[in-house]
Amino acid sequence: MPNMTISAPVSEALQGGRPVVALESTIFSNLGLPSPANEEALARTLAAVRDAGAEPAVTAILDGVVHVGLDDSGYERILGEATKTAERDIAAAIAQRWSVGATTVSASLAIAQRAGIAVFATGGIGGVHHGAQESGDVSADLGAIARHRVLTVSAGAKAFLDIAGTLEHLEMLSVPVIGYQSDEFPMFYARSSGLPVPLRLDTPREVATLVAERFTWGGGVLLAVPVPADDALASSAIQGAMSDALDRARTAGISGAAVTPFVLAEISKALDGRNIPVNLALSENNARVAALVAVAMSKTP
Ligand code: PSU
Ligand code: MN
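Now for a description of the structure that goes with this document. (Residues numbered from 1 in each chain as written. Chains lettered and ligands numbered in written order. Predicted model: local features only at pLDDT ≥ 70, side-chain atom pairs only at ≥ 80, totals over all residues. Heavy atoms only, no water.)

**A closer look at the overall build of the protein chain**
Selection criterion: What counts as a helix is a DSSP run of H or I of at least four residues, what counts as a strand is a run of E of at least two, and both are numbered from the N terminus. For the radius of gyration, the atom set is restricted to C-alpha positions; the globular benchmark scales as 2.2 Å times the number of residues to the power 0.38. When accessible area is computed with a 1.4 Å probe and restricted to protein chains, residues below 20% of their type maximum are described as buried, those above 50% as exposed, and intermediate ones as partly exposed. The protein chains shown are the only cover counted for residues, whose accessible areas, like all others here, come from Shrake-Rupley with a 1.4 Å probe. For the charge count, each Lys or Arg is scored as positive and each Asp or Glu as negative, with His and the chain ends excluded. To locate a charge, take atom NZ for lysine, CZ for arginine, CG for aspartate or CD for glutamate.
Looking only at helices and strands, one finds 12 helices and 11 strands in the protein chain. The C-alpha radius of gyration computed for the protein chain amounts to 18 Å, which stays within 12% of the reference 19 Å derived for 301 residues, consistent with globular compactness. For the protein chain, buried positions account for 55% of its 301 residues. Accessible surface, the protein chain: about 12,400 Å² in total, of which carbon and sulfur atoms supply 52%. Side chains of the protein chain carry 21 positive and 31 negative charges; the gap between the two charge centres is 4 Å.

Below is the structure:
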């Protein structure tokens, strides 16, 4: 595969049937988190996957080549200036030899499936934006979760989205949505959205069994993991910052792929960075849970 390269540790793990967890690179780039929090997020996420017994595989496009698993120089590059790369952008990123293409959830899922990786972890997925009826803004993440045979582990959808609309859309796309040790769909920084999940599972083993079954029918699964209680923000604490950020995006006429990075940066400003430790904690926790499920899947006979 000339336009895709799998690192030696990842390819050895895959060949040996050992557990691997794919990770996106947008959250670790300047588009997702400010420096040096992005560096800490990366280090803690990688450690969480390894400590739980799996091999991390960060996806990125470097000089027009799709990378699955990075070395130190690759990590350094994604931590800096990067171009947001969704699934539809992969072809352009290769054809035009983009220097650093930071993969979103949708791009990572396409790459994971092609590399033969069954589990993927992120912070929060994209989803249905407020006002999507007029703007049509629905993240490509949702279709990618539905289409690819990969489990996505996230702390729900990003908090500034239309969560109820996102859950309806996932139902329309036939995506099984599982609450991990939770009866509610989480709300990223906050543990609760007030919206129930259709299915709750409590152990990595149970999740692994369901995912294996789902893969035989085609398509992916979304595992929603609430941020650990000690790290969570109260949803009342973020409501104001979120609606202000959305108003500002509207007034500034931001649209398309720029909306999410803009709104995330505005929320950080309004909360004086109090959301950043939460973002790190949930990314680390999702990576840990994803690795535990990957380990359980690798033991499935
Ligand atoms: N959640 C975060 N930070 C991010 C993203 C999600 O806390 O940077 C990124 C992910 O890469 C996700 C993307 O796939 O935003 C979704 O963008 P959009 O809404 O444009 O589809
Ligand atoms: Mn969008």
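**A short note on the site of ligand 1**
For clarity, the threshold we go by: One heavy atom suffices: a residue is near a molecule or strand as soon as one of its heavy atoms comes within 4 Å of it. Side-chain atoms alone can form a polar contact between residues adjacent in sequence; in general such a contact is a pair of N or O atoms within 3.5 Å, and within protein one must be able to donate a hydrogen while the other accepts it. Under the grouping applied here, Gly and all other residues not named as nonpolar or charged are polar, the nonpolar ones being Ala, Val, Leu, Ile, Met, Phe, Trp, Tyr, Cys and Pro and the charged ones Asp, Glu, Lys and Arg.
Within the structure, ligand 1 sits among 16 residues, and Glu24, Lys84, Ser139, Asp141 and Thr260 are positioned closest to it. Contact distances for ligand 1 include 2.7 Å between an oxygen atom and a side-chain N or O atom of Ser139. Starting from 480 Å² of accessible surface for ligand 1 in isolation, the protein chains cover 93%. Here the residues of the shell around ligand 1 sort into four nonpolar, eight polar and four charged.

**Observations concerning helix H10 (residues 235-251)**
What counts here: Each helix should span, by expectation, one fewer than its residue count multiplied by 1.5 Å. Only heavy atoms matter for contacts: two residues are in contact if any of them lie within 4.5 Å across the pair.
Counted at 1.5 Å a residue, the expected span for H10 with its 17 residues is 24 Å, and the 24 Å between its end C-alpha atoms agrees. Buried residues along H10 sit against helix H11 (259-270). Phi for Gly253, located one or two positions after H10, is positive at around 70°.

**Focus on the nonpolar core**
Nonpolar side chains in soluble globular proteins tend to end up buried together. Note the following rule: Only buried residues count toward a nonpolar core, which is a set of Ala, Val, Leu, Ile, Met, Phe, Trp, Tyr and Cys residues joined through side-chain atoms within 4.5 Å.
Ranked by internal contacts, the top residues of the largest apolar core, which has 62 residues, are Ile117, Phe185 and Tyr189. Formed by 46 residues, the second largest nonpolar core is a distinct cluster that contains Val58, Val100, Phe215 and Leu223.

**Brief notes about the packing of helix H5 (residues 105-115) against helix H7 (residues 140-147)**
Let me state the cut-off plainly: For helices, the fitted line uses only the C-alpha atoms of the stretch in contact; every axis is such a line through C-alpha atoms, and the angle between N-to-C directions lies from 0 to 180 degrees. Roughly parallel here means an angle under 35 degrees, roughly antiparallel means over 145, roughly perpendicular means 65 to 115, and every remaining angle is called oblique. Should the near helix be turned counterclockwise from the far one by less than a right angle, the crossing is left-handed, whereas a clockwise turn marks it as right-handed.
Contact geometry for H5 and H7: axes closest at 8 Å, N-to-C directions at 20°. With respect to H7, the element H5 is oriented roughly parallel. Crossing geometry of H5 relative to H7 is assigned as left-handed. Of the residues in H7, those touching H5 at Val105, Ser106 and Leu109 are Ala140, Asp141, Ala144 and Ile145.

**Looking at the pairing of strand E3 (residues 55-62)**
Which entries qualify depends on this criterion: Here a strand pair is declared whenever DSSP counts at least two bridges between the two strands. If you view a crossover with the strands going away from you and the path from the first strand over the helix to the second runs clockwise, you call it right-handed.
Burial analysis of E3 places seven of its eight residues in the buried class, the great majority of the element. Both strand E2 (residues 20-23) and E3 contribute to a ladder of four bridges, which runs parallel. The residue bridging Leu23 from the neighbouring strand is Val58, located in E3. What joins E2 to E3 is helix H2 (residues 37-51), and the crossover it makes is right-handed. One ladder, built from four bridges, connects E3 with strand E4 (residues 65-68); its direction is antiparallel. In the sheet register, Thr59 faces E4, and the bridge partner there is Val68. Between E3 and the antiparallel strand that follows it, E4, lie two residues; Asp63 among them carries a positive phi value of about 50°. Here three bridges tie E3 to strand E6 (residues 100-103), and the two strands are oriented antiparallel to one another. When the sheet's bridge partners are listed, Leu62 is paired in E6 with Val100.

**Remarks on the packing of helix H9 (residues 204-217) against helix H12 (residues 276-298)**
It is at 8 Å that the axes of H9 and H12 come closest, and there the two elements cross at 65°. Relative to H12, H9 is oriented roughly perpendicular. Crossing angle aside, the handedness with which H9 passes H12 is right-handed. Residues Pro204, Arg205, Val207, Ala208, Val211 and Phe215 of H9 pack against Leu292, Val293, Ala296 and Met297 of H12. The residue inventory of the contact of H9 with H12, partitioned by class, reads nine nonpolar, no polar and one charged.

**Digging into the packing of aromatic side chains**
In plain terms, the rule: Aromatic pairing here means that ring centres of Phe, Tyr or Trp (its six-membered ring) are within 6.5 Å. Orientation follows from the plane angle: under 30 degrees is stacked, over 60 is edge-to-face, and everything else is tilted.
Applying the stated rule across the entire model yields one aromatic pair. Taking the centre distance of 4.7 Å and the plane angle of 55° together, the rings of Phe188 and Tyr189 count as tilted. Per residue, the accessibility class of Phe188 equals that of Tyr189, and both read buried.

**Topic: unusual backbone geometry**
Residue Pro36 follows Ser35 across a cis peptide bond; omega there is 5°. Relative to the elements of secondary structure, Pro36 occurs in the loop between E2 and H2. One non-glycine residue, Gln181, lies in positive phi territory at about 50°. Residue placement: Gln181 occurs in the loop between strand E9 (177-180) and strand E10 (199-201).

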